[in-house]
Amino acid sequence: MALQCGIVGLPNVGKSTTFNALTRGKALAANYPFATKDPNVGVITVPDARLDKLAELVEPQRVLPTSVEIVDIAGLIKGASQGEGLGNQFLANIREVDAIVHVVRCFEDDNVVHVDGSVNPVRDKEIIDIELGLKDLETVDKRMDKTARAAKVGSKDDLRDLEILKTIKAHLETGRPVRELLSDLDDDGKRLMKELSLLTGKPVLYVCNVDEASLKTGNEHTRTFAQSVAGENAEIVLLSAEIEAQIADLESAEERAEFLEMMGLDEPGANKLIRTSYKLLDLITYFTAGVKEVRAWTVRNGAKAPEAAGVIHSDFEKGFIRAEVIKYNDFVSYGSEAKVKEAGKMSVEGKEYVVGDGDIMHFRFNV
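Described below are features of the structure shown in this document. Since the model is a prediction, treat every value here as computed from it, not as a measurement.

Digging into the side chain of Thr288
Okay, so step 1: With respect to the helices and strands, Thr288 occurs in strand S8 (residues 283-289).
Okay, so step 2: At 2.9 Å, the side chain of Thr288 and the side chain of Trp297 are in polar contact.
Okay, so step 3: Contacts of Thr288, omitting those with residues within four sequence positions, involve Glu293, Val294, Arg295, Trp297, Ile312 and Met361.

See the structure below:
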């Protein structure tokens, strides 16, 4: 399952620097608006200590982590919904991603130009929210016109959809993102939301780009920003794009470890950002473990065994017979698959088994 997160924000807030730190890519990070015209794409692995531990125990020929695709999208400015700046291009690119990583600038630096002349992360976020909301209103209005015409012939389905669309439009007109509305919608409402692919309906992680001194405790900008999004139930990560860029430039793991120790950090901020991005869509990881390969697989939270098997290959899902499951803690405790079996800790599960995060699975199938 491919997870694609789009990094968005106003120009010069640190989007491309953050992208480079995450992917060790070569996106242009320049001190002027619209340095990034076309989206840069990078694939990054999801850090998972469990995978490292399994590899240590199994000693396979290769180890394959799961991954996230990160897209660095061109900066957006006020009026983008009407085509200002690179607005139409920005909005087309962001529509394709599954989740949004919204970078806001929370540091002062006279040498880095701010497109609006001053540092104000709350204002910056609102600019993007308004532009995305206006584009969503345009999408909803078009769908309402089409649905209203169809409803005139008396279709109950279209009449129901028209009422749902009115609810969505009324919420957007308050200036709030429609993701706040999801929990109040029934199955038909959620279906329609999925069909509309509204920009403000996508899950969001806010990244506060701070200076070195504010990395652990935050600053006035981050505290004000956190208060402004408190009602969104959103994730916030503090990250210094400048420090992450320095970490990414170091060649060896030893150099990176020494740098982190010197900075008083347990891990790169990029690791936390990646893990949080991975969880935005309510995804979990299960593993396959054998002498040839130890591998992490991505599946939605709540998925049943056949769906998890289908992530490996569609034939596994079509011909699913059963799944042999070992809990991660049991594998680590006993040290090997053979010892887990001897202890009677491996279970055999059928089609209704709900996959747990960290499960080690082996599938039996027949096609």
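Here we look at the sheet that holds strand S6 (residues 204-209)
Hydrogen bonding along the main chain pairs the strands of a sheet, whether they run parallel or antiparallel.
Okay, so step 1: One open sheet holds the six strands; their spatial order is S2-S4-S1-S5-S6-S7, and the pairing between them is mixed. Because the sheet does not close on itself, it has two edges, and the strands there are strand S2 (40-45) and strand S7 (235-239). For this sheet the average axis-to-axis angle between neighbouring strands, irrespective of direction, equals 25 degrees.
Okay, so step 2: Alignment of S2 against strand S4 (residues 67-72), held across six bridges, turns out to be antiparallel. Its bridge partner lying in S4, Ile44 is registered against Val68.

Structural notes on the packing of aromatic side chains
Okay, so step 1: Per the counting criterion, the structure on display carries four aromatic pairs.
Okay, so step 2: For the pair Tyr206 and Phe225, a centre-to-centre distance of 5.2 Å together with 80 degrees between the ring planes defines the contact as edge-to-face. Linking Tyr206 in strand S6 with Phe225 in helix H7 (residues 220-228), this pair joins segments that are 19 residues apart in sequence.
Okay, so step 3: When the centroid spacing of 6.0 Å and the interplanar angle of 90 degrees are considered together, the rings of Tyr286 and Phe363 count as edge-to-face. Placement of Tyr286 in strand S8 and of Phe363 in strand S12 (residues 360-365) is noted, with a sequence separation of 77 residues between them.
Okay, so step 4: Judged by relative accessible area, which is 0%, Tyr286 ranks as buried.
Okay, so step 5: The exposure class assigned to Phe363 is buried, which follows from its relative accessible area of 7%.
Okay, so step 6: Each member of the aromatic cluster is reached from another via a ring pair, and the members are Tyr286, Phe320 and Phe363.
Okay, so step 7: Residue placement shows Arg105 over the ring face of Phe107; its charged tip is 4.5 Å from the ring centre.

Details of the pairing of S4
Okay, so step 1: Relative to S4, strand S1 (residues 4-8) runs parallel, the two being bridged by four bridges. Bridge pairing in S4 places Cys5 opposite Ile70.

Procedures and definitions
- Residues numbered from 1 in each chain as written.
- Predicted model: local features only at pLDDT ≥ 70, side-chain atom pairs only at ≥ 80, totals over all residues.
- Heavy atoms only, no water.
- Helix = DSSP H or I, 4+ residues; strand = E, 2+ residues; numbered from the N terminus.
- Polar contact = N/O pair within 3.5 Å; in protein donor to acceptor, adjacent residues only side chain to side chain.
- Contact = heavy atoms within 4.5 Å.
- Pairing = 2+ DSSP bridges.
- Axes fitted to C-alpha atoms, helices over the stretch in contact; angles between N-to-C directions.
- Phe/Tyr/Trp six-rings, centres within 6.5 Å; stacked < 30°, edge-to-face > 60°.
- Buried < 20%, exposed > 50% of the residue type's maximum accessible area, 1.4 Å probe, protein only.
- Lys NZ or Arg CZ within 6 Å of the ring centre and 35° of its normal.

Treat this as a map of the structure, not an account of what it does.
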